[in-house]
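Below, each chain spelled out in residue letters.
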Amino acid sequence: MSHLNTKTIKRSTGEKVFDVFNIIILALLAIVCFYPMWYVLVASLSDSNRLMQHTGPLLKPLGFSLESYVSVFKNPMIMKGYLNTFKLLFWGLLTNIIMTSLAAYFLSRKGVLWKKPIMIFITITMFISGGMIPFYQNLQQLHLTESHWGLIIPFMINTYNMIILRTSFESIPESLIEAARIDGAGHFSILFKIVLPLSKAILAVMVLYYGVAIWNNWFWASTILSDRTMRPLQVVLREILMQNDVSSMTAGVSSGDVEAVGATIRYATIIVATVPILCIYPFLQKYFTSGVMVGAVKE
């Protein structure tokens, strides 16, 4: 048995310099992206009076206090917003995945009549829409305003996500589909018993994409929901940050300290509204790269 002598490939000075510059630039970009999140976190844990007097970068908490988080959860709208958001997240993800899978499966099958024209019409919706006012009027005429379904039904399928999922379905060997048909399986059986179980990675990516979109959706929620008790967490957060509405969380605080306490409360509210969706990433990370690669758009 012959042995291969492996030789270390010598790298040129230019390549080493290039790597050093790459590392420096990427490290700086990482710091630029991470520091605002770190600032908000340590500010939310700081003593409110010391924070108001502080200027310049903030690298560690100024004192340590959880009073801002206690005050945040005193606001009944925070918990109500959480419940509304989780409701939208559950029903939204359920309808998103089901409807997107049905559309992607249909458009991934061979021999579909007028498949290309249908795909062209669907793709056009990525670039052209009827506009915001006609969309709102449609919601009114369909009685979807003042209802959480108005935030779910019109957004059941994202065209870009559907194209990614369709491409993934097309990569499944046709022999598996044909074998299932020979055994008497129908399209729904093939989709739910063969195609979807073989597409766990790309489905995890779809859950991440749709989940983040639902969690961060505030515009249409603030537009069609006038009842504040129905509004999701992001709309509540926006009211607190844009309107400086921290009165319900500063009860018992002296008038001179309201501004200082309000600052830390706003930072704590951002953390409370952001951390849950960030916690999803570690669980989906192992599927993310493989899912995106499998569902990469190709022609």
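Thresholds, definitions, all that
Residues numbered from 1 in each chain as written. Predicted model: local features only at pLDDT ≥ 70, side-chain atom pairs only at ≥ 80, totals over all residues. Heavy atoms only, no water. Core = buried A, V, L, I, M, F, W, Y, C linked by side-chain atoms within 4.5 Å. Buried < 20%, exposed > 50% of the residue type's maximum accessible area, 1.4 Å probe, protein only. Helix = DSSP H or I, 4+ residues; strand = E, 2+ residues; numbered from the N terminus. Contact = heavy atoms within 4.5 Å. Expected span 1.5 Å × (residues − 1). Bend = angle between axes of the 7 residues up to and from the residue. Salt bridge = Lys/Arg side-chain N within 4 Å of Asp/Glu carboxyl O.

Caption draft 1: Main features of the nonpolar core. Ile78, Leu151, Met162, Leu165, Phe169, Val195 and Met206 are the most contacted members of the largest nonpolar core, which has 56 residues in total. It is helix α4 (residues 76–108) that provides the largest number of residues to this core, a total of 11 residues. Once residues within four sequence positions are removed from consideration, methionine 206 is found in contact with Ile97, Asn161, Ile164, Leu165 and Gly211. One finds Val42, Leu51, Leu58 and Leu62 within the second-largest nonpolar core, a separate group that totals five residues.

Caption draft 2: Up close: helix α1 (residues 13–44). Here α1 contains 32 residues, and its C-alpha end-to-end distance of 46 Å stays within 8% of the 46 Å for a straight helix at 1.5 Å per residue. Residue phenylalanine 34 marks the point of greatest curvature in α1, where the axis turns by about 30°; the proline proline 36 follows within four residues. When we look at burial in α1, the residues that qualify are Val40, Val42, Ala43 and Ser44.

Caption draft 3: How the structure looks around the pattern of salt bridges. This model, assessed by the stated rule, comprises four salt bridges. When the shortest N-O distance is used, the salt bridge between lysine 115 and glutamate 170 registers 3.8 Å. Of the two residues, lysine 115 is situated in helix α5 (residues 115–124) and glutamate 170 in helix α7 (residues 159–170); the sequence distance between them amounts to 55 residues. Judged by its relative accessible area of 34%, glutamate 170 falls in the partly exposed class. One network of salt bridges, in which partners are shared, links Lys115, Arg166 and Glu170.

Interpretation note: all reported values are geometric properties and have no functional meaning in isolation.
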